[in-house]
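Coordinate inspection notes
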Amino acid sequence: MIKQDEPTIEDISILENVLVAAVDKGCRECGNLIFTYQAGLSIEKESKLYLFSVDCACGAEYVEILDARYFDDNGNEEE
Ligand SMILES: [Zn+2]
């Protein structure tokens with residue numbers, strides 16, 4: 001896979017998969033399964049980070065990196 005600056009269909013599908021698992025686990029502070037969250041993709045020169053930002057009624061606010069892809073100097077995905 002060659003790196004692009006915009007999220008690809010593959011990115012969206014990776015994000016959806018890891019999100020389902022993260023939402024299933026619930027809030028990491030209180031375990032509540034009902035909380036507000038946002039999913040995001042951080043695209044940097046050498047990496048893509050799949051982010052999960054949680055804002056729970058218990059007061060917990062945190063960002064988790066659910067998955068990451070790293071790229072070499074040629075923009076190719078590293079194994
Ligand atoms: Zn909580």
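This section reports on the structure supplied with the text. (Residues numbered from 1 in each chain as written. Predicted model: local features only at pLDDT ≥ 70, side-chain atom pairs only at ≥ 80, totals over all residues.)

1. Here we look at helix H1 (residues 9-25)
- Given a rise of 1.5 Å per residue, 17 residues ought to cover 24 Å, and the 25 Å separating the end C-alpha atoms of H1 matches this to within 8%.
- Across the 17 residues that make up H1, only a small minority, zero, are buried.
- Phi for Gly 26, located one or two positions after H1, is positive at around 85°. (Helix = DSSP H or I, 4+ residues; strand = E, 2+ residues; numbered from the N terminus. Expected span 1.5 Å × (residues − 1). Buried ≥ 20, exposed ≤ 12 C-beta atoms within 10 Å, placed from the backbone.)

2. Overview of the pairing of strand S3 (residues 61-70)
- The pairing of strand S2 (residues 47-55) with S3 spans nine bridges and is classified as antiparallel. In the strand pairing of S3, Tyr 50 is matched with Asp 67.
- Hairpin connection from S2 to S3: five residues lie between these consecutive antiparallel strands, with Gly 59 at a positive phi of about 105°. (Pairing = 2+ DSSP bridges.)

3. What about the sheet that holds S2?
- Judged by pairing direction, the sheet is antiparallel, and its three strands sit side by side in the order S1-S2-S3 without closing on themselves. Of all strands in the sheet, those with a lone pairing partner are strand S1 (36-43) and S3, marking the two edges. Within this sheet the neighbouring strands show an average axis-to-axis angle of 15°, counted without direction.
- Relative to S2, S1 is paired through eight bridges, and the arrangement is antiparallel. The residue bridging Gly 40 from the neighbouring strand is Leu 51, located in S2. (Axes fitted to C-alpha atoms, helices over the stretch in contact; angles between N-to-C directions.)

4. What to know about the environment of Ala 39
- Position of Ala 39 relative to the elements: it lies in strand S1.
- In this structure the C-alpha to C-alpha distance between Ala 39 and Ala 57, which are 18 residues apart in sequence, comes to 18 Å.
- Once residues within four sequence positions are removed from consideration, Ala 39 is found in contact with Leu 15, Leu 19, Leu 51 and Phe 52. (Contact = placed C-beta atoms within 7 Å.)

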